[in-house]
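# Observations on the model geometry
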Amino acid sequence: MQPIRLGLVGYGKIAQDQHVPAIHANPAFQLVAVATQGLPCAGVDNFRSLGELLENGPQVDAIAFCTPPQGRFALVQQALAAGKHVLVEKPPCATLGEAMALVEQVREQGVSGLFAWHSRYAPGIAAARDWLASRTLQSVQIDWKEDVRKWHPGQAWIWQPGGLGVFDPGINALSIVTHLLALPLFVESAELRVPDNCQSPIAASIKMADARHLDVRAEFDFDHGHDELWSIEIRCAEGVLRLDNGGALLSIDGVGQAVSEEGEYAAVYRHFQQLIADKTSDMDLQPLRLVADSFFVGSRTAVEPFYD
Ligand SMILES: NC(=O)C1=CN([C@@H]2O[C@H](COP(=O)(O)OP(=O)(O)OC[C@H]3O[C@@H](n4cnc5c(N)ncnc54)[C@H](O)[C@@H]3O)[C@@H](O)[C@H]2O)C=CC1
Ligand SMILES: O=C1O[C@@H]([C@H](O)CO)[C@H](O)[C@H]1O
(Lines give C-alpha, C1' and ligand atoms only; values in the text may rest on other atoms or scores of the structure.)
(Ligands and ions follow the chains in the order given, each with its own letter.)
Protein backbone atom coordinates (compact mmCIF):
# COMPACT_ATOMS: atom_id res chain seq x y z
CA MET A 1 0.00 0.00 0.00
CA GLN A 2 1.49 3.34 -1.08
CA PRO A 3 1.79 5.87 1.79
CA ILE A 4 -0.32 9.04 1.73
CA ARG A 5 2.04 11.77 0.44
CA LEU A 6 1.62 14.65 2.86
CA GLY A 7 2.37 18.34 2.63
CA LEU A 8 2.36 20.55 5.74
CA VAL A 9 1.76 24.29 5.93
CA GLY A 10 3.10 26.26 8.91
CA TYR A 11 6.18 24.60 10.42
CA GLY A 12 5.84 26.28 13.81
CA LYS A 13 5.55 25.13 17.41
CA ILE A 14 2.81 22.52 17.15
CA ALA A 15 4.08 21.19 13.82
CA GLN A 16 7.53 20.66 15.36
CA ASP A 17 6.27 19.45 18.76
CA GLN A 18 3.52 17.10 17.61
CA HIS A 19 2.60 16.86 13.92
CA VAL A 20 5.96 15.92 12.37
CA PRO A 21 6.80 13.32 15.06
CA ALA A 22 3.31 11.77 14.68
CA ILE A 23 3.60 11.72 10.88
CA HIS A 24 7.06 10.10 10.99
CA ALA A 25 5.75 7.46 13.42
CA ASN A 26 2.87 6.46 11.11
CA PRO A 27 3.97 4.45 8.03
CA ALA A 28 0.66 5.27 6.32
CA PHE A 29 1.99 8.80 5.76
CA GLN A 30 5.10 10.21 4.07
CA LEU A 31 5.89 13.89 4.72
CA VAL A 32 7.24 15.12 1.38
CA ALA A 33 7.03 18.92 1.49
CA VAL A 34 6.56 21.87 3.84
CA ALA A 35 5.43 25.42 3.13
CA THR A 36 6.35 27.82 5.91
CA GLN A 37 7.35 31.41 6.55
CA GLY A 38 9.68 30.52 9.43
CA LEU A 39 12.55 28.04 9.79
CA PRO A 40 12.58 25.17 7.24
CA CYS A 41 11.82 21.55 8.07
CA ALA A 42 14.76 19.15 7.68
CA GLY A 43 14.59 16.20 5.33
CA VAL A 44 11.84 17.44 3.00
CA ASP A 45 11.43 20.02 0.22
CA ASN A 46 10.64 23.47 1.69
CA PHE A 47 8.67 26.27 0.08
CA ARG A 48 7.74 29.80 1.18
CA SER A 49 4.08 29.41 0.22
CA LEU A 50 1.46 26.74 -0.36
CA GLY A 51 1.03 28.02 -3.93
CA GLU A 52 4.71 27.43 -4.63
CA LEU A 53 4.51 23.95 -3.08
CA LEU A 54 1.49 23.01 -5.20
CA GLU A 55 3.03 24.46 -8.37
CA ASN A 56 6.68 23.39 -8.09
CA GLY A 57 6.78 20.78 -5.35
CA PRO A 58 6.43 17.00 -5.27
CA GLN A 59 3.04 15.40 -5.74
CA VAL A 60 0.98 15.39 -2.51
CA ASP A 61 -2.29 13.62 -1.71
CA ALA A 62 -3.11 15.52 1.49
CA ILE A 63 -2.11 18.66 3.34
CA ALA A 64 -1.94 19.39 7.10
CA PHE A 65 -2.50 22.99 8.19
CA CYS A 66 -0.60 24.26 11.26
CA THR A 67 -0.71 28.00 10.54
CA PRO A 68 -2.48 30.51 12.77
CA PRO A 69 -6.27 30.61 12.27
CA GLN A 70 -6.13 34.02 10.60
CA GLY A 71 -5.65 33.47 6.85
CA ARG A 72 -6.02 29.70 7.08
CA PHE A 73 -9.36 29.69 5.21
CA ALA A 74 -7.79 30.86 1.94
CA LEU A 75 -4.94 28.37 2.34
CA VAL A 76 -7.28 25.39 2.85
CA GLN A 77 -9.40 26.55 -0.10
CA GLN A 78 -6.24 26.50 -2.24
CA ALA A 79 -5.61 22.88 -1.24
CA LEU A 80 -9.24 21.90 -1.87
CA ALA A 81 -9.17 23.51 -5.33
CA ALA A 82 -6.18 21.24 -6.05
CA GLY A 83 -8.19 18.18 -4.94
CA LYS A 84 -6.20 17.48 -1.74
CA HIS A 85 -7.46 15.90 1.47
CA VAL A 86 -7.08 18.36 4.37
CA LEU A 87 -6.26 18.07 8.08
CA VAL A 88 -6.88 21.41 9.80
CA GLU A 89 -5.53 22.32 13.26
CA LYS A 90 -7.89 23.87 15.78
CA PRO A 91 -9.51 26.33 15.66
CA PRO A 92 -10.35 25.50 12.03
CA CYS A 93 -10.67 29.12 10.89
CA ALA A 94 -10.79 32.67 12.22
CA THR A 95 -14.59 32.79 11.79
CA LEU A 96 -17.52 30.38 12.00
CA GLY A 97 -18.62 31.36 8.51
CA GLU A 98 -15.27 30.34 7.03
CA ALA A 99 -15.38 26.98 8.82
CA MET A 100 -18.94 26.35 7.60
CA ALA A 101 -17.83 27.12 4.05
CA LEU A 102 -14.95 24.63 4.31
CA VAL A 103 -17.36 21.87 5.35
CA GLU A 104 -19.37 22.52 2.18
CA GLN A 105 -16.30 22.80 -0.07
CA VAL A 106 -14.84 19.52 1.22
CA ARG A 107 -18.17 17.81 0.43
CA GLU A 108 -18.32 19.38 -3.04
CA GLN A 109 -14.72 18.38 -3.82
CA GLY A 110 -15.31 14.77 -2.72
CA VAL A 111 -12.13 14.69 -0.60
CA SER A 112 -11.64 13.94 3.12
CA GLY A 113 -11.50 16.76 5.64
CA LEU A 114 -10.65 16.63 9.35
CA PHE A 115 -11.05 19.44 11.86
CA ALA A 116 -8.37 18.16 14.26
CA TRP A 117 -9.86 18.79 17.72
CA HIS A 118 -6.77 17.12 19.17
CA SER A 119 -8.01 17.04 22.81
CA ARG A 120 -10.83 14.69 21.76
CA TYR A 121 -8.09 12.09 21.22
CA ALA A 122 -6.61 12.38 24.73
CA PRO A 123 -6.14 8.96 26.38
CA GLY A 124 -9.06 9.19 28.82
CA ILE A 125 -11.76 10.53 26.52
CA ALA A 126 -13.09 7.30 25.00
CA ALA A 127 -13.47 5.61 28.41
CA ALA A 128 -15.12 8.75 29.82
CA ARG A 129 -17.60 8.83 26.95
CA ASP A 130 -18.47 5.16 27.48
CA TRP A 131 -19.06 5.64 31.23
CA LEU A 132 -21.20 8.76 30.77
CA ALA A 133 -23.40 7.18 28.10
CA SER A 134 -25.59 5.44 30.73
CA ARG A 135 -25.38 8.03 33.52
CA THR A 136 -27.65 10.89 34.63
CA LEU A 137 -25.65 14.09 34.32
CA GLN A 138 -26.23 16.87 36.88
CA SER A 139 -23.47 19.46 36.28
CA VAL A 140 -20.16 20.10 34.49
CA GLN A 141 -17.27 22.24 35.76
CA ILE A 142 -14.37 23.08 33.42
CA ASP A 143 -11.13 24.62 34.72
CA TRP A 144 -8.59 25.23 31.94
CA LYS A 145 -5.65 27.35 33.09
CA GLU A 146 -2.22 27.53 31.47
CA ASP A 147 0.73 29.79 30.74
CA VAL A 148 0.57 31.47 27.33
CA ARG A 149 4.27 32.37 27.66
CA LYS A 150 5.07 28.64 27.73
CA TRP A 151 2.75 27.42 24.97
CA HIS A 152 2.76 30.44 22.62
CA PRO A 153 6.03 32.30 23.19
CA GLY A 154 6.20 35.44 21.07
CA GLN A 155 3.06 34.59 19.10
CA ALA A 156 1.45 37.99 18.55
CA TRP A 157 -1.29 36.49 16.34
CA ILE A 158 -3.04 34.96 19.36
CA TRP A 159 -3.87 38.44 20.73
CA GLN A 160 -5.04 39.85 17.39
CA PRO A 161 -8.59 39.64 15.96
CA GLY A 162 -9.23 36.01 14.97
CA GLY A 163 -6.54 34.75 17.33
CA LEU A 164 -9.06 33.88 20.12
CA GLY A 165 -6.74 34.60 23.07
CA VAL A 166 -7.55 32.28 25.98
CA PHE A 167 -10.15 30.52 23.86
CA ASP A 168 -7.28 29.08 21.80
CA PRO A 169 -6.61 26.54 24.59
CA GLY A 170 -10.12 26.89 26.05
CA ILE A 171 -11.69 25.59 22.83
CA ASN A 172 -9.95 22.28 23.58
CA ALA A 173 -12.04 21.89 26.75
CA LEU A 174 -15.15 22.77 24.76
CA SER A 175 -14.21 20.18 22.14
CA ILE A 176 -13.97 17.50 24.87
CA VAL A 177 -17.25 18.42 26.59
CA THR A 178 -19.20 18.63 23.32
CA HIS A 179 -17.79 15.21 22.42
CA LEU A 180 -18.90 13.74 25.79
CA LEU A 181 -22.41 15.22 25.95
CA ALA A 182 -25.40 13.89 24.02
CA LEU A 183 -27.08 17.27 23.42
CA PRO A 184 -25.74 20.53 21.91
CA LEU A 185 -24.69 23.27 24.31
CA PHE A 186 -25.76 26.91 24.30
CA VAL A 187 -23.91 29.88 25.83
CA GLU A 188 -26.12 31.63 28.42
CA SER A 189 -23.60 34.23 29.55
CA ALA A 190 -19.88 34.98 29.44
CA GLU A 191 -17.44 37.42 30.97
CA LEU A 192 -14.32 38.15 28.87
CA ARG A 193 -11.33 39.81 30.54
CA VAL A 194 -9.37 41.64 27.85
CA PRO A 195 -5.92 43.24 28.44
CA ASP A 196 -5.80 46.93 27.48
CA ASN A 197 -3.25 46.18 24.72
CA CYS A 198 -4.95 43.07 23.28
CA GLN A 199 -7.89 42.35 20.98
CA SER A 200 -8.74 38.97 22.55
CA PRO A 201 -9.33 37.87 26.16
CA ILE A 202 -6.67 36.56 28.56
CA ALA A 203 -9.33 35.03 30.85
CA ALA A 204 -13.00 34.15 30.59
CA SER A 205 -15.91 32.76 32.62
CA ILE A 206 -18.68 31.05 30.62
CA LYS A 207 -22.06 29.69 31.66
CA MET A 208 -23.61 27.15 29.28
CA ALA A 209 -26.57 24.75 29.24
CA ASP A 210 -28.14 22.08 27.02
CA ALA A 211 -31.85 21.73 26.19
CA ARG A 212 -32.36 19.83 29.47
CA HIS A 213 -30.83 22.75 31.42
CA LEU A 214 -27.63 20.87 32.35
CA ASP A 215 -25.45 23.41 34.17
CA VAL A 216 -22.05 23.74 32.44
CA ARG A 217 -19.51 26.26 33.72
CA ALA A 218 -16.02 27.06 32.42
CA GLU A 219 -13.17 29.09 33.86
CA PHE A 220 -10.37 29.84 31.36
CA ASP A 221 -7.07 31.55 32.30
CA PHE A 222 -4.10 32.11 29.94
CA ASP A 223 -1.86 33.88 32.48
CA HIS A 224 -1.60 30.93 34.85
CA GLY A 225 2.13 30.47 35.18
CA HIS A 226 2.07 27.89 37.99
CA ASP A 227 0.23 24.61 38.67
CA GLU A 228 -1.33 24.53 35.21
CA LEU A 229 -4.80 22.97 35.29
CA TRP A 230 -6.75 21.26 32.51
CA SER A 231 -9.68 19.57 34.30
CA ILE A 232 -13.30 18.70 33.64
CA GLU A 233 -15.52 17.46 36.50
CA ILE A 234 -18.89 15.93 35.62
CA ARG A 235 -21.25 15.25 38.54
CA CYS A 236 -23.80 12.50 37.88
CA ALA A 237 -26.52 10.89 40.00
CA GLU A 238 -24.36 7.73 39.97
CA GLY A 239 -21.01 9.36 40.82
CA VAL A 240 -18.39 11.96 39.84
CA LEU A 241 -16.30 11.63 36.68
CA ARG A 242 -13.13 13.74 36.44
CA LEU A 243 -10.74 14.27 33.56
CA ASP A 244 -7.37 15.83 34.41
CA ASN A 245 -4.26 16.83 32.49
CA GLY A 246 -6.29 17.72 29.42
CA GLY A 247 -8.01 14.32 29.32
CA ALA A 248 -4.90 12.20 29.82
CA LEU A 249 -6.12 11.09 33.27
CA LEU A 250 -9.59 9.73 34.13
CA SER A 251 -11.03 9.06 37.59
CA ILE A 252 -14.48 8.07 38.83
CA ASP A 253 -15.30 8.90 42.45
CA GLY A 254 -11.60 9.53 42.94
CA VAL A 255 -10.49 6.12 41.61
CA GLY A 256 -8.09 6.21 38.64
CA GLN A 257 -9.35 4.41 35.51
CA ALA A 258 -7.57 2.61 32.67
CA VAL A 259 -6.96 4.86 29.66
CA SER A 260 -5.60 4.48 26.11
CA GLU A 261 -1.83 4.31 25.66
CA GLU A 262 -1.97 6.19 22.33
CA GLY A 263 -0.97 9.87 22.23
CA GLU A 264 -3.32 12.57 20.94
CA TYR A 265 -1.58 13.27 17.64
CA ALA A 266 -0.88 9.62 16.84
CA ALA A 267 -4.65 9.10 17.19
CA VAL A 268 -5.41 12.24 15.13
CA TYR A 269 -3.33 10.97 12.19
CA ARG A 270 -4.70 7.42 12.49
CA HIS A 271 -8.21 8.93 12.32
CA PHE A 272 -7.24 11.03 9.26
CA GLN A 273 -5.84 7.90 7.57
CA GLN A 274 -9.16 6.10 8.23
CA LEU A 275 -11.27 9.00 6.92
CA ILE A 276 -9.29 8.96 3.66
CA ALA A 277 -9.67 5.18 3.36
CA ASP A 278 -13.42 5.44 4.04
CA LYS A 279 -13.80 8.46 1.69
CA THR A 280 -15.48 10.48 4.42
CA SER A 281 -14.86 13.52 6.68
CA ASP A 282 -15.07 14.67 10.32
CA MET A 283 -15.52 18.44 10.57
CA ASP A 284 -17.42 19.35 13.75
CA LEU A 285 -18.29 23.03 14.13
CA GLN A 286 -19.77 23.03 17.68
CA PRO A 287 -16.63 24.02 19.64
CA LEU A 288 -16.09 27.04 17.35
CA ARG A 289 -19.79 27.98 17.55
CA LEU A 290 -19.56 28.09 21.37
CA VAL A 291 -16.54 30.39 21.16
CA ALA A 292 -18.33 32.63 18.66
CA ASP A 293 -21.40 32.77 20.91
CA SER A 294 -19.20 33.59 23.91
CA PHE A 295 -17.88 36.58 21.97
CA PHE A 296 -21.47 37.51 20.96
CA VAL A 297 -22.97 37.59 24.47
CA GLY A 298 -19.84 38.10 26.55
CA SER A 299 -19.47 41.19 28.71
CA ARG A 300 -16.02 42.75 28.44
CA THR A 301 -13.88 43.77 31.39
CA ALA A 302 -10.63 45.62 30.67
CA VAL A 303 -7.62 44.28 32.62
CA GLU A 304 -3.96 45.26 32.83
CA PRO A 305 -1.89 45.08 29.62
CA PHE A 306 -0.24 41.77 28.69
CA TYR A 307 3.48 41.67 27.91
CA ASP A 308 5.11 38.46 26.61
N1 LIG B 1 1.29 26.07 20.54
C2 LIG B 1 0.61 25.02 20.98
O3 LIG B 1 0.89 24.49 22.10
C4 LIG B 1 -0.50 24.45 20.17
C5 LIG B 1 -1.00 25.11 19.04
N6 LIG B 1 -2.05 24.55 18.33
C7 LIG B 1 -2.66 25.26 17.21
O8 LIG B 1 -1.80 25.20 16.08
C9 LIG B 1 -1.88 26.40 15.32
C10 LIG B 1 -0.49 26.98 15.20
O11 LIG B 1 -0.05 27.25 16.50
P12 LIG B 1 1.54 27.32 16.80
O13 LIG B 1 2.24 26.21 16.12
O14 LIG B 1 1.71 27.46 18.27
O15 LIG B 1 1.89 28.71 16.09
P16 LIG B 1 3.31 29.23 15.54
O17 LIG B 1 3.18 30.69 15.42
O18 LIG B 1 4.41 28.63 16.36
O19 LIG B 1 3.41 28.55 14.08
C20 LIG B 1 2.70 29.04 12.96
C21 LIG B 1 3.57 28.78 11.75
O22 LIG B 1 2.83 29.09 10.58
C23 LIG B 1 3.69 29.76 9.67
N24 LIG B 1 2.84 30.53 8.76
C25 LIG B 1 2.02 31.55 9.06
N26 LIG B 1 1.35 31.95 7.96
C27 LIG B 1 1.77 31.14 6.93
C28 LIG B 1 1.47 31.06 5.56
N29 LIG B 1 0.59 31.89 4.99
N30 LIG B 1 2.07 30.11 4.82
C31 LIG B 1 2.97 29.27 5.38
N32 LIG B 1 3.31 29.30 6.69
C33 LIG B 1 2.72 30.24 7.45
C34 LIG B 1 4.60 30.60 10.54
O35 LIG B 1 5.81 30.89 9.86
C36 LIG B 1 4.85 29.65 11.72
O37 LIG B 1 5.97 28.84 11.48
C38 LIG B 1 -2.87 27.30 16.05
O39 LIG B 1 -4.14 27.20 15.43
C40 LIG B 1 -2.92 26.72 17.46
O41 LIG B 1 -4.21 26.89 18.05
C42 LIG B 1 -2.58 23.31 18.64
C43 LIG B 1 -2.08 22.62 19.73
C44 LIG B 1 -1.08 23.17 20.61
O1 LIG C 1 -4.30 23.61 21.42
C2 LIG C 1 -3.64 24.08 22.31
O3 LIG C 1 -3.15 23.36 23.40
C4 LIG C 1 -2.59 24.29 24.33
C5 LIG C 1 -1.39 23.65 25.00
O6 LIG C 1 -0.54 23.15 23.99
C7 LIG C 1 -1.82 22.47 25.87
O8 LIG C 1 -2.90 22.85 26.66
C9 LIG C 1 -2.27 25.52 23.51
O10 LIG C 1 -2.36 26.70 24.27
C11 LIG C 1 -3.37 25.50 22.46
O12 LIG C 1 -2.98 26.13 21.25
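The protein is annotated in an unreviewed UniProt entry as D-galactose 1-dehydrogenase from Pseudomonas brassicacearum. The Catalytic activity (unreviewed entry) comment attached to the protein in UniProt states, word for word, "D-galactose + NAD(+) = D-galactono-1,4-lactone + NADH + H(+)".

## Here we look at helix H1 (residues 13-24)
A rise of 1.5 Å per residue sets the reference length of H1, with its 12 residues, at 16 Å; its end C-alpha atoms lie 16 Å apart and thus fit the reference within 8%. Within the sequence span of H1, burial applies to Ala15, His19, Val20, Ala22 and Ile23. Projected onto a plane normal to the axis of H1, the buried residues spread over an arc of 160° and lie on a single side. Where H1 is buried, its residues meet strand S1 (4-9), strand S2 (29-35), strand S5 (85-89) and helix H8 (264-277).

## A short note on the environment of Gln109
Within the fold, Gln109 resides in helix H4 (residues 96-109). Sequence spacing of Gln109 and His85 is 24 residues, and the spatial spacing of their C-alpha atoms is 9.3 Å. Ignoring sequence-local partners within four residues, the contact set of Gln109 consists of Leu80 and Ala81.

## What about the site of ligand 2?
The immediate surroundings of ligand 2 are formed by Lys90, His118, Glu146, Trp151, His152, Asp168, Pro169, Asn172 and Trp230. A distance of 3.0 Å is found between an oxygen atom of ligand 2 and a side-chain nitrogen or oxygen belonging to Lys90. Contacts to ligand 2 include His152, whose side-chain N or O atom sits 2.8 Å from an oxygen atom. For the shell around ligand 2, a count of residues per class yields three nonpolar, three polar and three charged.

## Notes on the site of ligand 1
The immediate surroundings of ligand 1 are formed by 26 residues, with Ile14, Arg72, Lys90, Gln155 and Asp168 found nearest. A distance of 3.4 Å separates a nitrogen atom of ligand 1 from a polar atom in the side chain of Gln37. Taking Lys90, its side chain carries an N or O atom lying 2.8 Å from an oxygen atom of ligand 1. Looking at the shell around ligand 1, the elements that each hand over two or more residues are H1 and helix H3 (72-81). Across the shell around ligand 1, the residue classes break down as 12 nonpolar, nine polar and five charged. Counting residues domain by domain, the shell around ligand 1 receives three or more from each of domain 1 (2-110) and domain 2 (118-260 + 289-301).

Parameters and conventions
Residues numbered from 1 in each chain as written. Chains lettered and ligands numbered in written order. Predicted model: local features only at pLDDT ≥ 70, side-chain atom pairs only at ≥ 80, totals over all residues. Heavy atoms only, no water. UniProt positions renumbered as here; feature names shortened; annotations may be inferred. Helix = DSSP H or I, 4+ residues; strand = E, 2+ residues; numbered from the N terminus. Expected span 1.5 Å × (residues − 1). Buried < 20%, exposed > 50% of the residue type's maximum accessible area, 1.4 Å probe, protein only. Arc of directions from axis to C-beta. Contact = heavy atoms within 4.5 Å. Near = heavy atom within 4 Å. Polar contact = N/O pair within 3.5 Å; in protein donor to acceptor, adjacent residues only side chain to side chain. Nonpolar A, V, L, I, M, F, W, Y, C, P; charged D, E, K, R; others polar. Domains from an automatic or database assignment.

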